[in-house]
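Structure at a glance
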Amino acid sequence: MEIGRILEALFTENQFMAAMIVDDRGRIVSISETYLNVLNLCREEVIGRPAKEITPHTRVMTVLESGKAIVGYNWRINDYNMIASTIPIIQEGKVVGAFAYSVFMDIWNAQDTIENLLTELNMYKDEVDNLYKAKYNFEDILGKNEVFKKVKNFAHQVAQHTITTVLLCGESGTGKELFAQAIHNQSSRSRFPFLRINCATIPENLLEAELFGYEEGAFTGAKKGGKPGKFELASGGTIFLDEIGEMSTTMQSKLLVALQEQEIERLGGSHPIRVNVRVIAATNRNLEDMIESGAFREDLYYRLNVVRLDIPPLRKRSGDIPLLCHHIMTRLNCRLATGIKEITSSALEMLGSYSWPGNIRELENVLERAMILADMEKTEILDARHFMFIKKRLDLNRASHEKQSLKTAVREFERDLIDKAMQDADYDRVKAAELLEIDLSTLYRKLKKWDFPA
Ligand SMILES: Nc1ncnc2c1ncn2[C@@H]1O[C@H](COP(=O)(O)OP(=O)(O)O)[C@@H](O)[C@H]1O
Ligand SMILES: [Mg+2]
């Protein structure tokens, strides 16, 4: 009998054992038929994906990190009750993967119950970890565009100043949250929580309690013993106030007091609590306009605006599109279990001429759709035809231009040309003026008119 056949019988076809093998990063490289049945998934859905994504409380990451086996724990999944073990695969002294297997056991006793509860507890611990931790680092923020790199470098420097408030401005999908997480992770606060609060999605009457907490009996329905707010929970860490422009002016005042005093008071509370939290706020609104109309408090604006980062929209850094595409494609290949390898230059050109109102988030969605289309066609190359739905948006853009007055249309055209020349000249104004065959002073005037980033 040959060894391959034996392994096949023991591993892949064995009905009494569910098993899988992961690589050094915890991605599933091989899985038995039995385990697929238990998971109720097909092979294509799991191969290449992180085991943690399929079963969040898997032990493989622990085993890969420690290099030590975990033997005989209870493993309950989709109503299957099993005893499982995970052992490291070691080659030349290095952990290169792990082998996890389980044997079916349908005993039900106290030991089991405890084990089950522990497994469940681990799952919740996982979830809490995710809630309180920032995932992204500066290495995850991609972009070679000069303006973008400047913003990124500045953010990197700012990270060290751990009490400085940061205001992130940029259209939706430009990466504000990514920056907030990277700043947190880069700072000495990274060992402490990172908490995000979206001021637009939390109802106004709950926001105060969410941020500052409440004491027992503060209002009907208040929990016994009260509840700490995000400022207390984030102690030592960072609070990310997303969509700060949507906060009511009343809450803005309360936030300002908290920032100035570095103290908060729980709702219904009678004494102030000191807090040590860095605030990073983000908005896609023009706060200056909002101040003008009375919707945003000027004093809070100045308090938040100590350090301000303006993240450029994707259409102003279209040179980064190829880089972003490749990165996103790799990630999506993993998630969608597709094998798209390339994107043609004509497709990239088309993406480069689109205006991306939804920025990188929109680029991710557009790529996902195109990759699914290509996958159905069984091709490994993304071409312009997979982006036809974008072409419609492009044409619509042009059509809406046609309805503008000649003056606006000319202005926009001029602006696009200058934008492009600036990018081609790597933001060197002398070179850009040469490309455009205009005086440097004319270029300066026009750039100023449009508030072009320096
Ligand atoms: N520079 C970048 N490099 C890689 N991915 C990015 C970048 N900027 C944004 N993304 C991705 O785009 C999506 C939207 O980013 P996010 O930070 O949520 O934007 P915002 O908070 O500005 O709406 C996320 O999936 C993020 O990972
Ligand atoms: Mg966001």
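Residues take numbers from 1 onward in each chain, read along the sequence in its written order. Starting at A for chains and at 1 for ligands, labels are handed out in the order in which the entities are written. Local features in a predicted model are, by the rule used here, given only for residues with pLDDT of at least 70; side-chain atom pairs are given and counted only at 80 or more, and totals for whole chains, interfaces and linings are based on all residues. Water and hydrogen atoms play no part in the side-chain values, which are based on all heavy atoms of the structure.

Attention now goes to the packing of aromatic side chains. In this analysis, rings of Phe, Tyr and Trp, with Trp reduced to its six-membered ring, are considered paired at centre separations within 6.5 Å, and the interplanar angle assigns stacked below 30 degrees, edge-to-face beyond 60, and tilted for intermediate values. In the structure shown here, the tally under the stated rule is 9 aromatic pairs. One aromatic cluster is present, formed by Phe 11, Phe 99 and Tyr 101 through successive ring pairs. Lysine and arginine charges are scored as sitting over a ring when NZ or CZ, respectively, is within 6 Å of the ring centre and within 35 degrees of the ring normal. Directly above the aromatic system of Phe 148 lies the positively charged group of Arg 317, at a separation of 3.7 Å from the ring centroid.

In this text, near means that some heavy atom of the residue lies within 4 Å of the molecule or strand in question. Near ligand 1, the surroundings consist of 18 residues, among which Leu 142, Gly 173, Lys 176, Arg 361 and Glu 364 are the closest. N or O atoms within 3.5 Å of each other form a polar contact, as long as, within protein, one can give a hydrogen and the other can take it, and as long as residues adjacent in sequence are counted only when both atoms are side-chain atoms. A distance of 2.8 Å separates a nitrogen atom of ligand 1 from a polar atom in the backbone of Leu 142. At 2.9 Å, a side-chain N or O of Glu 364 approaches an oxygen atom of ligand 1. Bound to the protein, ligand 1 loses 90% of the 560 Å² it would expose on its own. Gly falls in the polar group here, along with every residue not listed as nonpolar (Ala, Val, Leu, Ile, Met, Phe, Trp, Tyr, Cys, Pro) or charged (Asp, Glu, Lys, Arg). Class assignment for the residues of the shell around ligand 1 results in 7 nonpolar, 4 polar and 7 charged. Each of two domains, domain 2 (138-310) and domain 3 (314-402), supplies a minimum of three residues to the shell around ligand 1. To be clear on the numbers: accessible area is Shrake-Rupley with a 1.4 Å probe, and residue cover counts the displayed protein chains and nothing else. Residue ranges for the domains trace back to a domain assignment, done automatically or taken from a database.

This brings us to a nonpolar patch on the surface. On the surface, Ile 114, Leu 118 and Leu 121 cluster together into a nonpolar patch covering about 270 Å² of accessible area. Within the secondary structure layout, Ile 114 lies in helix H6 (residues 110-132). For Ile 114, a relative accessible area of 48% gives the class partly exposed. Patch members must show over 30% relative accessible area and no salt bridge, and they are joined within 9 Å when carrying like charges or within 5 Å when they are nonpolar side chains of Val, Leu, Ile, Met, Phe, Trp or Tyr. Each reported salt bridge corresponds to a side-chain nitrogen of Lys or Arg within 4 Å of a carboxyl oxygen of Asp or Glu. Counting from the N terminus, the helices are the DSSP runs of H or I reaching at least four residues and the strands are the DSSP runs of E reaching at least two. Burial classes: relative accessible area under 20% of the type maximum marks a residue as buried, over 50% as exposed, and values in between as partly exposed (1.4 Å probe, protein chains only).

Right, let's get into the domain arrangement of the protein. When the domains of the protein are assigned, the result is domain 1 (3-131), domain 2 (138-310), domain 3 (314-402) and domain 4 (406-449). A combined buried area of about 350 Å² lies between domain 3 and domain 4, and 26% of that area is made up of carbon and sulfur atoms. The tally of links between domain 3 and domain 4 comes to 0 salt bridges. At the junction of domain 3 and domain 4, the tally comes to 0 residue pairs in polar contact (both at pLDDT 80 or more). Classifying every residue of the side of domain 3 that touches domain 4 by side-chain character gives no nonpolar, 3 polar and 3 charged. Note on definitions: buried area is the accessible-area loss of two parts on being combined, 1.4 Å probe, summed for both.

On to the pairing of strand S2 (residues 28-31). Strand pairing is defined by DSSP finding a minimum of two bridges between the two strands. Bridging between strand S1 (residues 17-23) and S2 involves 3 bridges; their strand directions are antiparallel. Counted as the bridge partner of Ile 21 is Ser 30 from S2. Hairpin geometry of S1 and S2 is characterised by an intervening segment of 4 residues between the two adjacent antiparallel strands and by a positive phi of about 85° at Gly 26.

With that out of the way, let us pick up a positive patch on the surface. A cluster of basic side chains, namely Lys 407, Arg 411, Arg 415, Arg 445 and Lys 449, defines a positive patch on the protein surface. Looking at the positive patch, the elements that each hand over two or more residues are helix H18 (406-424) and helix H20 (440-449). Mapped onto the elements, Lys 407 comes out in helix H18. Taking relative accessible area as the criterion, Lys 407 reaches 68% and is therefore assigned exposed. When charges are counted, neither His nor the chain ends are considered; positive counts come from Lys and Arg and negative counts from Asp and Glu. Where a charge lies is defined by one atom per residue type: Lys uses NZ, Arg uses CZ, Asp uses CG and Glu uses CD.

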